[in-house]
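# Residue-level structural notes
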Amino acid sequence: MTSDPSQNEDNLAAAVKAMEDLVDEAVQVYEIDKEKGNVTDDLYNSLKILTGYLSFTVDIPPELVGLPAETRVILAPSLDLFIIKPNFKSEQKRLDQLSLDDISNVLRYAIPLIINMARTDRIIKSKKIAFLKEGTKKLKRLPGTSIDETMITDNVHMEKT
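Worth saying up front: this structure is predicted, and the values here are computed from it rather than measured. (Residues numbered from 1 in each chain as written. Predicted model: local features only at pLDDT ≥ 70, side-chain atom pairs only at ≥ 80, totals over all residues. Heavy atoms only, no water.)

Next up on the list: the overall build of the protein chain. On a plain count of helices and strands, the protein chain comes out with three helices and four strands. Reading the helices (α) and strands (β) of the protein chain from amino to carboxyl end gives α-β-β-β-β-α-α. Considering only residue pairs separated by 6 or more positions, the protein chain has 41% of its internal contacts joining residues 24 or more positions apart. Of the roughly 12,600 Å² that the protein chain leaves accessible, carbon and sulfur atoms contribute 60%. (Helix = DSSP H or I, 4+ residues; strand = E, 2+ residues; numbered from the N terminus. Contact = heavy atoms within 4.5 Å. Areas by Shrake-Rupley, 256 points an atom, 1.4 Å probe, with all protein chains shown as cover.)

Next up on the list: the sheet that holds strand β4 (residues 90-94). Sheets are built from strands paired through backbone hydrogen bonds, the pairs being either parallel or antiparallel. The strand order β1-β2-β3-β4 describes an open sheet built from four strands, whose pairing is antiparallel. Both outer strands of the open sheet, β1 (58-60) and β4, are each paired with one neighbouring strand and no more. In this sheet, adjacent strand axes meet at a mean angle of 25 degrees when their direction is disregarded. Of the strands in this sheet, β1 and β2 (72-75) touch helix α2 (residues 100-140), which is tilted by about 155 degrees from β1. (Pairing = 2+ DSSP bridges. Axes fitted to C-alpha atoms, helices over the stretch in contact; angles between N-to-C directions.)

By secondary structure assignment, the location of Asp80 is in strand β3 (residues 80-84). Among buried charged residues, Asp80 stands out as having no salt bridge; its nearest opposite-charge side chain is Arg94, 5.5 Å away. Engagement of the side chain of Asp80 in a polar contact is seen with the side chain of Gln92, the distance being 2.7 Å. Discounting chain neighbours no more than four positions away, the residues touching Asp80 are Tyr44, Ile74, Leu75, Gln92, Lys93 and Arg94. (Buried < 20%, exposed > 50% of the residue type's maximum accessible area, 1.4 Å probe, protein only. Lys, Arg positive; Asp, Glu negative; His and termini not counted. Salt bridge = Lys/Arg side-chain N within 4 Å of Asp/Glu carboxyl O. Polar contact = N/O pair within 3.5 Å; in protein donor to acceptor, adjacent residues only side chain to side chain.)

Right, let's get into unusual backbone geometry. Trans is the common state for peptide bonds, and a negative phi is the common state for residues other than glycine. Located in the positive-phi region is Leu79, a residue other than glycine, with phi close to 65 degrees. Classification of Leu79 as buried rests on a relative accessible area of 1%. A positive phi angle, near 70 degrees, is found at Phe88, a position not held by glycine. Tracing the backbone shows Phe88 in the loop between β3 and β4. Judged by its relative accessible area of 72%, Phe88 is exposed.

This paragraph deals with the nonpolar core. Ile60, Leu75, Leu81, Leu95, Leu98 and Val106 are the most contacted members of the largest nonpolar core, which has 18 residues in total. Elements with a minimum of two residues in this core: α1 (5-54), β1, β2, β3 and α2. Here this core takes five residues from α2, the largest share from any one element. If near-sequence neighbours (up to four positions away) are discounted, Leu81 is found in contact with Ile60, Val73, Ile74, Leu75, Glu91, Gln92, Lys93, Leu95 and Leu98. (Core = buried A, V, L, I, M, F, W, Y, C linked by side-chain atoms within 4.5 Å.)

Next comes the structure, spelled out in structure tokens:
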């Protein structure tokens, strides 16, 4: 029994078409992976500037990054994750070394906490500055305590000496 030559050509054409489709899909996956890397780098670098400035540290539930509950995970301002295992051995990973799912989980958890910490810090600093301003205003009302007068008086005394 011989096979039909046109059937073989159809099978070959289908195989070639399948290979072309495979190449197209592979190129698209490659481009998406490349874009993922660029987006992750941009996010990491931008966020690292903010978290570094704020200097807050956040405890992360270990389940968010696929670790056992007995593990402690700490997100540092440098966006490094410090992983302390139940046997007290530790390891350090950069946030951008995690999978996209783990990065998303960590950020979804940590960002609201960091916002709350920053808000609290801002309120405390604002109250302290308001206190200092009020104290300064009260002291300026005292006779003979003007800063300008004190500086002039000090300069005059220094010149006479």
